[in-house]
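Structural characterization, general
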Amino acid sequence: MLKPQMSDEVATALAQGRPVVALESTIISHGMPWPRNAEVALAVEDVVRSEGAVPATVAVVDGVPCAGLTPVQVERLGRDTNVVKAASRDLGACIAGGLTAGTTVSATMRIAALAGIGVFATGGIGGVHRGDGMDVSADLTELSVTDVLVVCAGVKSILDIPRTIEMLETLRVPVAVFGADAFPAFYSRDSGNVAGERCDDPARIAAIRAANAAVGLGTGMLVANPIPEADALPADEIGATIDAALAEADERGITGKEVTPFLLGRLNAVTEGRALDANIALVKNNARLAARIAVA
Ligand code: PSU
Ligand code: MN
């Protein structure tokens, strides 16, 4: 199978068996506005390094799947409006067409697995969208078949959180919640739903992951890490904003892979950057935990 192109830092760390954390890039190309997207991507890499692990930001650059980008490549992903959004199923077309793509959680897991990277930090995963339930992110299907541990801040309530949790169970994806009993809701710490094992120690998460492998589960694993209290947004306020953004997407007939970027953009605009600030804080928090799990 294809070996992704790796930065020297990533290739050396993997060869020496040192901890590596994959980072996604749809958050750069389609999740946050320029220029903060690129600044944040580089700052998140430094969070991983400060915890003693090596960051591997994943993307497709001119048709080449990469694990570990240069700052110039990060800037291009953040700035160039020709960059596409690639889920797992889009990787083949991106490679064959020589395209440059920000990789979603599903595509990042795929490339991380090819590179031999087992731990990955993101902001939020995709899931079951609200409404008729037919829009379900390929992030969930990839989690069911690819052995990469994904650290996220839960699921944003642009999605149907209870149905997403049910789908993870159906797909037999283990879930751990770090330092809390309730499954988090991205901008806020408590979605009102319970899912998975509470873990208060990164080493426990690493032990569960090793045991999953020992029983031949073959899936990924989801670690939900609640946003720090100081960075959280009030659930009722952000809830109303999300309802308005969903109605607007519906009115404008936005469908398919455009839905999530549209909703994220509206939330950032309507909250005058408060949603963006919270998003940045939780991504750094997730990168820190992922690095600790990788080290453990
Ligand atoms: N949720 C967020 N921020 C994001 C995404 C999801 O809070 O940036 C991105 C991730 O890359 C995720 C993708 O994998 O959106 C899911 O897209 P879709 O809903 O089209 O499957
Ligand atoms: Mn979708």
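See the structure shown above.
What you are looking at is a predicted structure, and each value in this text was computed from that prediction instead of being measured. Sequence order as written defines residue numbering, which begins from 1 separately in each chain. Each chain is given a letter, starting from A, and each ligand a number, starting from 1, according to the order in which they appear as written. Confidence filtering applies because this is a predicted model: local features only for residues at pLDDT of at least 70, side-chain atom pairs given and counted only at 80 or more, and all residues used for totals across whole chains, interfaces and linings. Excluding hydrogens and water, the side-chain figures rest on all heavy atoms present in the structure.

1. So, the overall build of the protein chain
A tally of helices and strands in the protein chain yields 12 helices and 13 strands. Restricting the calculation to C-alpha atoms gives the radius of gyration, and the globule rule supplies 2.2 Å times the number of residues raised to the power 0.38. Here the protein chain has a C-alpha radius of gyration of 17 Å; the compact-globule value for 296 residues is 19 Å, and the two agree. On the principal axes, the C-alpha backbone points of the protein chain span a range of 50 × 40 × 35 Å. Each residue's exposure class comes from its accessible area (1.4 Å probe, protein chains only) as a fraction of the maximum for that residue type: buried when under 20%, exposed when over 50%, partly exposed otherwise. Considering the protein chain as a whole, with its 296 residues, one finds that 55% of them fall into the buried category. Positive and negative side-chain charges of the protein chain, numbering 24 and 35 respectively, have mean locations separated by a distance of 4 Å. Note on conventions: DSSP H or I runs of at least 4 residues are helices, E runs of at least 2 residues are strands, and numbering of each starts at the N terminus. Charge assignment in this entry is limited to Lys and Arg as positive and Asp and Glu as negative, and neither His nor the chain termini are counted. Just so you know, the charge point we use is NZ for Lys, CZ for Arg, CG for Asp and CD for Glu.

2. Details of the site of ligand 1
Ligand 1 sits among 14 residues. The nearest are Lys85, Ser137, Asp139, Lys156 and Thr260. The definition of a polar contact used here is a pair of N or O atoms within 3.5 Å, where within protein one atom must be able to donate a hydrogen and the other to accept one, and adjacent residues in sequence count solely through side-chain atom pairs. With respect to ligand 1, the side chain of Glu24 contributes an N or O atom lying 2.8 Å from an oxygen atom. The contact in question runs from an oxygen atom of ligand 1 to an N or O atom on the side chain of Thr260, over 2.7 Å. With the chains in place, 92% of the 470 Å² that ligand 1 exposes on its own is no longer accessible. Listing elements by their share of the shell around ligand 1, those giving two or more residues are α2 (26-31) and α11 (259-270). Of the residues assigned to the shell around ligand 1, the class counts are four nonpolar, six polar and four charged. Throughout, near means a residue has at least one heavy atom within 4 Å of the molecule or strand. All accessibility values rest on the Shrake-Rupley procedure with a 1.4 Å probe; residue burial counts only the protein chains present in the view. By the convention adopted, Pro, Cys, Tyr, Trp, Phe, Met, Ile, Leu, Val and Ala count as nonpolar, Lys, Arg, Asp and Glu as charged, and the other residues, Gly among them, as polar.

3. Examining the state of the cysteines
Cysteine sulfur atoms are paired as a disulfide whenever they come within 2.5 Å of each other. Under the criterion given, the structure shown has zero disulfides. With no disulfide of its own, Cys152 lies closest to Cys199 among cysteine sulfurs, the gap being 14 Å. On the accessibility criterion, Cys152 (0% relative accessible area) is buried.

4. Here's the deal with the nonpolar core
The criterion is simple. A nonpolar core is a set of buried Ala, Val, Leu, Ile, Met, Phe, Trp, Tyr and Cys residues joined through side-chain atoms within 4.5 Å. Formed by 96 residues in total, the largest nonpolar core has its most connected members in Val21, Ile117, Ile125, Phe183 and Leu222. Ranked by the residues each element gives to this core, the list is headed by helix α12 (residues 274-295), at 11 residues. Those residues in contact with Ile117 that lie beyond four places of it in its chain are Val10, Leu14, Val20, Val21, Ala22, Ala56, Ala67, Ala112 and Val148. Contacts are assigned to residue pairs with any non-hydrogen atoms lying within 4.5 Å of each other.

5. Concerning the side chain of Asn285
Looking at where Asn285 falls in the secondary structure, it is placed in helix α12. Discounting residues that sit within four places of it in the chain, Asn285 has contacts with Asn225, Pro226 and Pro228.

6. Remarks on the environment of Val44
Turning to its location among the elements, Val44 is positioned in helix α3 (residues 36-50). Residue Val44 is classed as buried on the basis of its relative accessible area, which comes to 4%. Those residues in contact with Val44 that lie beyond four places of it in its chain are Leu23, Val283, Lys284 and Ala287.

7. A word on the packing of aromatic side chains
Centres within 6.5 Å make a pair out of two Phe, Tyr or Trp rings, where for Trp the six-membered ring is used; the pair is then stacked when the planes are under 30 degrees apart, edge-to-face when over 60, and tilted otherwise. As enumerated under the stated definition, the model contains one aromatic pair in all. Arranged with centres 4.9 Å apart and planes meeting at 90 degrees, the rings of Phe186 and Tyr187 form a pair that is edge-to-face. Using a relative accessible area of 2% as the deciding quantity, one classes Phe186 as buried.

8. Comments concerning the packing of α3 against α12
Where α3 meets α12, the axes come as close as 8 Å, and the angle between the chain directions of the two elements is 25 degrees. Viewed along their axes, α3 and α12 adopt a mutual orientation that is roughly parallel. Considering only the axes of α3 and α12, their crossing is right-handed. Mapping the contact onto sequence places Arg36, Val40, Ala43, Val44, Val47 and Val48 in α3 and Leu276, Asp277, Ile280, Val283, Lys284, Ala287, Arg288 and Ala291 in α12. Class assignment of the residues belonging to the contact of α3 with α12 gives a composition of 10 nonpolar, no polar and four charged. Note on method: axes are straight lines fitted to C-alpha atoms, helices fitted across the in-contact stretch only, with angles between N-to-C directions ranging 0 to 180 degrees. Here roughly perpendicular refers to angles of 65 to 115 degrees, roughly parallel to angles under 35, roughly antiparallel to angles over 145, and oblique to all remaining angles. Note: crossing handedness is left-handed where the near helix turns anticlockwise from the far helix by less than a right angle, and right-handed where it turns clockwise.

9. Looking at the packing of helix α10 (residues 235-251) against α11
Put simply, α10 and α11 touch, their axes get as near as 9 Å, and they point 130 degrees apart. Considering their axes alone, α10 and α11 lie oblique with respect to each other. For the pair α10 and α11, the crossing hand works out as right-handed. Contacts from Thr241, Ile242, Ala245, Leu246, Glu248 and Ala249 in α10 reach Phe262, Leu263, Arg266, Leu267 and Val270 in α11. Within the contact of α10 with α11, the residues separate by chemical class into eight nonpolar, one polar and two charged.

10. Re α11
Any helix carries an expected span of 1.5 Å times its number of residues minus one. When the terminal C-alpha atoms of α11 are compared, their 17 Å separation across 12 residues agrees well with the 16 Å that a helix rising 1.5 Å per residue should span. Every buried residue of α11 is accounted for by Val259, Pro261, Phe262, Leu263, Leu264, Leu267 and Asn268. Glu272 sits one or two positions beyond α11 and adopts a positive phi of about 50 degrees.

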